[in-house]
Amino acid sequence: MEDSHISWTDHTHNIWIGCEHAPASDDPADRRTSPGCDNCYAEAIDGRFGGGHWGPGTPRRFLSDAYWRKPISWNARARKNGVRERVFCSSLADWAEIRDGEVGAAMDRERARLWKLIPATPWLDWLLLSKRPQNWRDRLLLPWHHDPWPNVWLGVTGENTEQLLRRVSILRRTPAAKRFISAEPLLEHIPAEVWDDALGIGRTFGADYPEINWLIIGDESGPHRRPAQVDWYRTAREAALRHGVALHVKQWNGPTSPGMHGDGATGKGKIHLPILDGKRWDQIPR
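Source: prediction; values computed, not measured. (Residues numbered from 1 in each chain as written. Predicted model: local features only at pLDDT ≥ 70, side-chain atom pairs only at ≥ 80, totals over all residues. Heavy atoms only, no water.)

**Description of the sheet that holds strand 2 (residues 85–89)**
Either a parallel or an antiparallel arrangement is found when strands of a sheet pair, and the pairing is made through backbone hydrogen bonds. An order of 1-2-3-4-5-6-7-9 is seen for the eight strands of this open sheet, with the pairing classed as mixed. The sheet is open, and its two borders are formed by strand 1 (11–12) and strand 9 (271–272), each paired with just one other strand. When strand 6 (residues 214–218) meets strand 7 (residues 246–252), the two strands line up parallel, connected through five bridges. The residue bridging leucine 215 from the neighbouring strand is leucine 247, located in strand 7. (Pairing = 2+ DSSP bridges. Helix = DSSP H or I, 4+ residues; strand = E, 2+ residues; numbered from the N terminus.)

**As for the pattern of salt bridges**
Throughout the structure, instances matching the rule amount to 22 salt bridges. Taking the shortest distance from any N to any O, the salt bridge between aspartate 94 and arginine 132 comes out at 3.0 Å. One end of the pair, aspartate 94, is in the loop between strand 2 and helix 3 (101–117); the other, arginine 132, is in the loop between strand 3 (124–130) and strand 4 (152–157), and 38 residues separate them in sequence. On the basis of relative accessible area, aspartate 94 is assigned to the buried category, the value being 5%. Arginine 132 gets classed as buried once you look at its relative accessible area, which sits at 5%. (Salt bridge = Lys/Arg side-chain N within 4 Å of Asp/Glu carboxyl O. Buried < 20%, exposed > 50% of the residue type's maximum accessible area, 1.4 Å probe, protein only.)

**Some remarks on helix 3**
Between its terminal C-alpha atoms helix 3 stretches 25 Å, which fits the 24 Å expected from 17 residues at 1.5 Å a residue. Where helix 3 is concerned, the buried positions are Gly104, Ala106, Met107, Glu110, Arg111, Leu114, Trp115 and Leu117. Next to the buried residues of helix 3 lie helix 2 (65–81), strand 2 and strand 3. (Expected span 1.5 Å × (residues − 1). Contact = heavy atoms within 4.5 Å.)

**Points about the packing of aromatic side chains**
Tallied over the entire structure, the rule returns 10 aromatic pairs. Taking 5.4 Å as the distance between ring centres and 55° as the angle between the ring planes, the aromatic pair formed by tryptophan 144 and tryptophan 149 counts as tilted. Tryptophan 144 gets classed as buried once you look at its relative accessible area, which sits at 0%. For tryptophan 149, a relative accessible area of 18% gives the class buried. Through pairs of rings, three or more aromatic residues link up here, namely Trp8, Phe88, Trp153, Phe180 and Trp214. The residue whose ring lies beneath lysine 279 is tryptophan 281, and the NZ or CZ to ring-centre distance is 4.1 Å. (Phe/Tyr/Trp six-rings, centres within 6.5 Å; stacked < 30°, edge-to-face > 60°. Lys NZ or Arg CZ within 6 Å of the ring centre and 35° of its normal.)

So, in structure tokens, the structure goes:
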């Protein structure tokens, strides 16, 4: 909601609450779910307030008209101050999820509401992050299919090599004012050559494919977290530097060390905007 604690956004706005776990591939016969969904923080938050909105066949929680009016006030403030503000949509859902039946129809109505809200708030940059880019063009028919809206930043989650390359291949073919990758939770060491494929111009993407503007990385938190290693961050950082991509190191949950620490932090515990090799990486594209 307003004044988010997520370091790379100013606010969050959910068009609904709830989600099925995202598929790991585009093959309907593949029953795997995306590894990034295994310890979903949003599902845990939903559980604290009664739950029941995650998994196949579950309902969605829809928000009030008062809630939907909030971005209008944020836009007015941003315009008055002359400073753009960022809105992460959706932190407790996937805006590109598609369902059948009455629930799906209700989700489509809320999505249509979002398509009206975004152009009505030109001082807000909408950060649309998804694990389902396969739905964007063929099934959702995005309203900016041909001409990108100037205040839509489109992003995908890339928690491992498989998901990064699969989703980025769609992201780099889709119009957007900015394109970004959220490698959070970072679940494995993604090799340098894979980052080069995802971020740069090379064997996978030629000069005709638009660039990636922003890379966000962070490890998993929570009681069942899968630990990351500092070198995983370093490999991503070096790739971002090679390709001129803004880098935002969001968090670190592992032990502090000379290579990764926070201001005054000792021992273990979540560190927001950690210091990696002597520098805090909190870049955001202009």
